[in-house]
Amino acid sequence: MSLLSVQSLTTTLRNGAAIVDGISFEIAAGETFALLGESGCGKSMTALSLMRLLPDGVRSAGGAVQLAGVALHELSEREMCAVRGGTMAMIFQEPGLSLNPVMTVGAQIAEVLRLHDVGRASARQQADVGLKPDLQQRCIELLEQVGIPDAARRVHEYPFQFSGGMKQRVMIAMALAGKPQLLIADEPTTALDVTIQAQVLQLLRDTQARTGMAMLLITHDLGVVSENAHRVAVMYAGEIVEQASRDELFSKPLHPYTQKLFAALPDAVRRGRELSAIPGSVPPLGSIAQGCRFAPRCEHAWARCHEETPAWTEQAAGRGVRCHLYGSAEWRVPSAEPSSLYSEFSTQHPAPGTPNLALLQVKDLRVHFPIRKGLLQRVTGSVKAVDGVSLSMAQGRTLALVGESGCGKTTLGKALLQLVRPTAGSVQFEGKELVGLGVQALRSQRASMQMVFQDPYASLNPKLRVAEILEEGMSALHIGGDSKARQIHIDGLLDKCGLARAAKWRYPHEFSGGQRQRIAIARALAVSPKLLICDEPTSALDVSVQAQILNLLKSLQQELGLSYLFITHNLAVVEYLAHEVCVMYQGRVVERGTAAQVLSAPQHEYTKTLLAAVPRIETVL
Ligand code: SF4
């Protein structure tokens, strides 16, 4: 008997366009059911529809939701308030935004306890609780349950005093306070480092084993699904397109979209080959009324796919798919052979750079930030963000810098470009010392070293058109000839980066995340650099868009002989792209070597911990 039963749930915009379109699924007690798909597929809107927390302009347009025998769609808003945070709780992606910054974490947990755990009468009696002893004790127990050390002291602290992982633990403690039978976890670890992610997911599994609660896990991360889910539904453009047990889905995905998601994953096996990116992007929800919504991006599509909406086909008990390829005599089921899913990268064209020529030499680099205190701002100590790092990079190679947030990766990248002035040490680029150079001398060097940032939304000036963005660097460095020559150069850059030439007259907000990252890469290339420092360039992107950007970076390296310093915490990307790896911890490089050495035979305990924390996917693809 299922705990949650969702039948034909439909949510629409005011104009009637369906953004969650008749989806059905069931979750049993103690089960983890994953909703998988790219951003914009309707996963989070499904969760909000279940909670009846729809944003303005969106309304429920039908369907039935039963939780523990209670028809949620028939409850009044007042009755629903008792369900939210009680029988059904939710944790969100960004714990920093979900917690109230002006209340202690104890007060926030106590608020849930008052509403759902100790009853309304007690709630009134305890309305003045700073934190009354029994309530405080329960808050401390909950914080201890989720692994917050020294909970008796920390219960009085504010969210800003907690790290990202600890904030997510507090969110879980709040969710558990109401003793939920169903926990909805919406991308609960996307904002966290890989080691913290492993801890949070383990905590959720332990809690589930202890309490028997069911979990709806919303994620775009196949590794997280692989390690945590019992059953999986794949969502695309507001519909569920495939549903199966975890083992069935990972051993033989049926829907072309699911197959493409698997094929887009970077890893060591696909090194040297082009990843199979999914062309285009998810259509705006509600924009396709007829035919299969995946048809514009599907390599198997034929006329029927554009004319007739595919029906749900049951393949076996609990396994179904929405695609004309199944249950149809006129077409064969697509092969999941690797060769059909990604093509050979042009390995016969090696990078033109000479691998042994040192482009960048860094020796004992230090960046210390002073800690100032008191009225006179006396220096009382320092934060050693980068503490004695030495490395070297050859032309045409990729060096990956891996480690958790706060280990000094980004500061090191900025120090190499002299955007942050080093405290000590040496940075030599093509044999020329950069540390200590004046502004003018540095300006001419900057053309050779460019940076691509993590967030393509924040790194482009929204008031400039693409052509102006690309020309800005050339004008500042007085390169690229006259205006006409620059326009020709810009057209070439757009071609190289896979953007239409007409894109140059548009503004950044008119592009998708992946296209914006292409523009950011084109901007960096505009001044003909030899070294690109890529700071987590794919971490804000979906797996299919990530594949497009990785393919682009790889082909540019082969064509132009570029060197990349690739700052990342995604070890699958490192396996796929990097030649050498440096592992950073607390401002120091603790291990370095070739990608194969570091990833297959790590020597340092920290590297071993980092590798062990990465969710692994075993597929047939
Ligand atoms: Fe592709 Fe047609 Fe199946 Fe849609 S119905 S996924 S277009 S083959």
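See the structure printed just above.
On a predicted model such as this, the values are computed, not experimentally measured, just so you know. (Residues numbered from 1 in each chain as written. Predicted model: local features only at pLDDT ≥ 70, side-chain atom pairs only at ≥ 80, totals over all residues. Heavy atoms only, no water.)

Asker: Would you mind going over the layout of surface pockets with me for this structure?
Answerer: Which parts of space are left empty comes out when a probe the size of a water molecule is rolled across the atoms. There is about 650 Å³ of room inside the second largest pocket. Among the secondary structure elements, those contributing two or more residues to the lining of the second largest pocket are α19 (513–525) and α20 (543–560). If one sorts the elements of the lining of the second largest pocket by residue count, α19 sits on top with 4 residues. In this structure, the lining of the second largest pocket is formed jointly by two domains, domain 2 (255–343) and domain 3 (358–612), each of which donates at least three residues. (1 Å grid on protein atoms, 1.4 Å probe; cavity = no way out; pocket = protein on both sides within 12 Å on 5 of 7 lines; lining within 4 Å. Points joined across faces, edges and corners; volume = space filled by probe spheres on them. Helix = DSSP H or I, 4+ residues; strand = E, 2+ residues; numbered from the N terminus. Domains from an automatic or database assignment.)

Asker: Could you clarify how one ought to interpret empty space enclosed by the protein in this entry?
Answerer: For the coordinates displayed, the defined rule picks out 2 cavities of 30 Å³ or more. Looking at the largest cavity, its volume works out to about 90 Å³. Forming the boundary of the largest cavity are 14 residues, of which Cys292, Cys298, Cys305, Cys323 and His324 lie nearest the centre. Of the residues assigned to the lining of the largest cavity, the class counts are 11 nonpolar, 3 polar and no charged. (Nonpolar A, V, L, I, M, F, W, Y, C, P; charged D, E, K, R; others polar.)

Asker: Before we go on, may I ask you to explain a nonpolar patch on the surface in this structure?
Answerer: On the surface, a nonpolar cluster with roughly 230 Å² of combined accessible area is contributed by Phe369, Ile371 and Val383. Tracing the sequence through the fold places Phe369 in strand β13 (residues 358–373). For Phe369, a relative accessible area of 35% translates into the label partly exposed. (Patch = residues over 30% accessible without salt bridge, like charges linked within 9 Å, V, L, I, M, F, W, Y side chains within 5 Å. Areas by Shrake-Rupley, 256 points an atom, 1.4 Å probe, with all protein chains shown as cover. Salt bridge = Lys/Arg side-chain N within 4 Å of Asp/Glu carboxyl O. Buried < 20%, exposed > 50% of the residue type's maximum accessible area, 1.4 Å probe, protein only.)

Asker: What exactly am I supposed to notice about the sheet that holds strand β20 (residues 563–568) here?
Answerer: Whenever strands of a sheet pair, they do so through backbone hydrogen bonds, lying parallel or antiparallel. With mixed pairing, the 6 strands of this open sheet are ordered in space as β18-β19-β20-β15-β21-β22. In this open sheet, the two strands that pair with only one neighbour each are β18 (449–452) and β22 (588–594). Recorded for the sheet is a direction-independent mean angle of 20° between the axes of neighbouring strands. The pairing of strand β15 (residues 398–402) with strand β21 (residues 580–585) spans 4 bridges and is classified as parallel. Following the sheet pairing, Leu399 is matched in β21 by Glu580. Sheet strands touched by helix α23 (residues 605–613): β15, β21 and β22. Its angle to β21, the strand with the most contacts, is close to 100°. (Pairing = 2+ DSSP bridges. Axes fitted to C-alpha atoms, helices over the stretch in contact; angles between N-to-C directions. Contact = heavy atoms within 4.5 Å.)

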